[in-house]
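Take a look at the letters that make up each chain.
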Amino acid sequence: MNDIQNSFRDVALEDGIGIWEAEAIDNYLVGNEYELLKCKDERVDWNNITFDYTNQFEMTFAFWDAKGTTFILPKVLQLALMLEEENEDQIPDWQYILEGICQRKQQHLFNDKQKNTIQNFLNYQKQKSPKNDWDEYDLLAFDYLIERWKD
């Protein structure tokens, strides 16, 4: 958690697409309805994004732009760690989000310290999972994801 906090300390959303605006896009909202949701987005400090909203709207990540991705990802990673510690069933689909970033070739949006933090997160996830929870395909996909974050 501290590593994530330190690596993403100064990241701001600025004029990027955040969780609420992505929700507006996903629901085809326009005009005033769109602007009302967009205004709800935290823009300065990702620590102010609540875990509830992150978990509720995680599937809108396809609509996050580059700034939204770098701003929201640290909260998603922290949420995954927190919910796993509490043995919650509804853990954000961080693999899907991290793979989506790779598919869109957005790893360059992250500085070396942030990439290292993401690699540490991935390695931690792999190490903490009992080997019998992974089939051969899962392990290959996980290793491939870790390798892609080295770029």
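How each quantity is defined
- Residues numbered from 1 in each chain as written.
- Predicted model: local features only at pLDDT ≥ 70, side-chain atom pairs only at ≥ 80, totals over all residues.
- Heavy atoms only, no water.
- Helix = DSSP H or I, 4+ residues; strand = E, 2+ residues; numbered from the N terminus.
- Buried < 20%, exposed > 50% of the residue type's maximum accessible area, 1.4 Å probe, protein only.
- Lys, Arg positive; Asp, Glu negative; His and termini not counted.
- Salt bridge = Lys/Arg side-chain N within 4 Å of Asp/Glu carboxyl O.
- Polar contact = N/O pair within 3.5 Å; in protein donor to acceptor, adjacent residues only side chain to side chain.
- Contact = heavy atoms within 4.5 Å.
- Expected span 1.5 Å × (residues − 1).

Trainee: I would appreciate a short explanation of the side chain of aspartate 41 in the present structure.
Mentor: Position of aspartate 41 relative to the elements: it lies in the loop between α3 (31-40) and α4 (51-56). One buried charged residue, aspartate 41, forms no salt bridge at all, with the nearest opposite charge on arginine 43 at 4.2 Å. A polar atom in the side chain of aspartate 41 sits 3.1 Å from the backbone nitrogen of isoleucine 19. Among the polar contacts made by the side chain of aspartate 41, one reaches the main-chain amide nitrogen of glutamate 21 at a distance of 2.9 Å. Not counting residues up to four positions away in its chain, the partners in contact with aspartate 41 are Leu13, Gly18, Ile19, Trp20 and Glu21.

Trainee: Would you explain helix α7 (residues 112-128) in this entry?
Mentor: Along an α-helix, residues three or four positions apart point the same way, because every turn accommodates 3.6 residues. When the terminal C-alpha atoms of α7 are compared, their 24 Å separation across 17 residues agrees well with the 24 Å that a helix rising 1.5 Å per residue should span. Of all the residues in α7, the buried ones are Gln114, Lys115, Thr117, Ile118, Gln119, Phe121, Leu122, Gln125 and Lys126. With a side-chain oxygen positioned 3.1 Å from the backbone nitrogen of lysine 113, the residue opening α7 is asparagine 111.

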